[in-house]
Amino acid sequence: ISLFEQAMALNPNHATARIGLAAILTRRTAEFRSPDRTKDIMRAEALLTAVINEHPENSAAFLFLGIARKQQGRYADSIVQFEKSIKLNPSNAHA
C-alpha cells in the first residue's frame, strides 16, 4: 500500500497506481485482513471512479469496481461493472 501511495504522491493522477491501490484494498477486505472494511471499500471505490472518469476505456478499473461493489452486496451493479470490463477487454478472464 505504501508504495502505491508514494507513487500517487508523486503523480496523483497515475491511473495504474490508483488501480493497484484499489486492488490491494479490495483484496484485503475479501481476505478479512482489513482493519476497517468500510473505509477500504469506500477508498477503493473513490479511486476507481476517478480513474473511470478520466479513462473510461480502462477495463481493469471496471473490473475492480465490480469487485468492490460485490463486496458491498451491490450484486446487480457489480455485474454491470464486470460487463463493462469484458466489453472493453473480451479476453479479461477475471471479469
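Residues numbered from 1 in each chain as written. Predicted model: local features only at pLDDT ≥ 70, side-chain atom pairs only at ≥ 80, totals over all residues. Heavy atoms only, no water.

K.L.:
How should I be thinking about the environment of Ala44 in this particular structure?
P.N.:
Within the secondary structure, Ala44 sits in helix H3 (residues 37-54). Given a relative accessible area of 0%, Ala44 falls into the buried group. Between the C-alpha atom of Ala44 and that of Ile24, which follows or precedes it by 20 residues, the distance is 8.6 Å. For Ala44, the residues in contact, after removing those within four places along its chain, are Ala22, Leu25 and Thr26. (Helix = DSSP H or I, 4+ residues; strand = E, 2+ residues; numbered from the N terminus. Buried < 20%, exposed > 50% of the residue type's maximum accessible area, 1.4 Å probe, protein only. Contact = heavy atoms within 4.5 Å.)

K.L.:
What exactly am I supposed to notice about unusual backbone geometry here?
P.N.:
Most of the time, phi is negative for any residue but glycine, and the peptide bond is trans. Phi at Phe32 takes a positive value of approximately 60 degrees, unusual for a residue other than glycine. Mapped onto the elements, Phe32 comes out in the loop between helix H2 (15-30) and H3.

K.L.:
Before we go on, may I ask you to explain the pattern of salt bridges in this structure?
P.N.:
Pairs may arise between side chains of opposite charge once their charged atoms sit close together. Per the counting criterion, the structure on display carries nine salt bridges. Its salt-bridge partner being Arg33, residue Glu31 comes within 2.7 Å of it at the nearest N-O pair. The shortest N-O distance in the salt bridge between Arg69 and Asp77 comes to 2.2 Å. Residue classification places Arg69 among the buried residues on the basis of a relative accessible area of 10%. Each member of the salt-bridge network shares a partner with another, and the members are Glu45, Arg69, Arg74 and Asp77. (Salt bridge = Lys/Arg side-chain N within 4 Å of Asp/Glu carboxyl O.)

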